[in-house]
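Fold and contact review
Read off the chains here:
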Amino acid sequence: MKIAVCVKQVPDATVHKRLDPGTNRLDRSGDSELNPFDVHGLEEAIKLREAGHEVEEIVAVCMG
């Protein structure tokens, strides 16, 4: 069995956020991390493999 986990990179919650004055959009040039909910999905996939299920491969899929 192969497991695909969809993940998304999001701005770090502990970093001060700022807006780009030209576009009034969030400046995403700072530190970023995986969405905490996506980390739970990866952990569950790893737990399945460690529990002895026939997991051949775990793939993290990210777009954007």
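Here's a quick rundown of the structure. (Residues numbered from 1 in each chain as written. Predicted model: local features only at pLDDT ≥ 70, side-chain atom pairs only at ≥ 80, totals over all residues. Heavy atoms only, no water.)

Helix and strand counts for the protein come out as one helix and four strands. The order of helices and strands in the protein, counted from the N terminus, is β-β-β-α-β. Relative to its length of 64 residues, the protein is extended, with a C-alpha radius of gyration of 16 Å against a globular reference of 11 Å. Across the 64 residues that make up the protein, the buried fraction comes to 16%. Expressed as a percentage of contacts within the protein between residues at least 6 apart in sequence, the contacts between residues at least 24 apart total 56%. Carbon and sulfur atoms make up 54% of the accessible area of the protein, which amounts to about 5300 Å² in all. (Helix = DSSP H or I, 4+ residues; strand = E, 2+ residues; numbered from the N terminus. Rg over C-alpha atoms; globule rule 2.2 N^0.38 Å. Buried < 20%, exposed > 50% of the residue type's maximum accessible area, 1.4 Å probe, protein only. Contact = heavy atoms within 4.5 Å. Areas by Shrake-Rupley, 256 points an atom, 1.4 Å probe, with all protein chains shown as cover.)

What follows deals with the side chain of Asp12. When you line up the elements, Asp12 lands in the loop between strand 2 (9–11) and strand 3 (32–34). Although buried, Asp12 forms no salt bridge, and the nearest oppositely charged side chain, Lys17, lies 6.5 Å from it. At 3.1 Å, the side chain of Asp12 forms a polar contact with the side chain of Thr14. The contact partners of Asp12, leaving out residues within four places of it in the chain, are Lys17, Asp31, Ser32 and Glu33. (Lys, Arg positive; Asp, Glu negative; His and termini not counted. Salt bridge = Lys/Arg side-chain N within 4 Å of Asp/Glu carboxyl O. Polar contact = N/O pair within 3.5 Å; in protein donor to acceptor, adjacent residues only side chain to side chain.)

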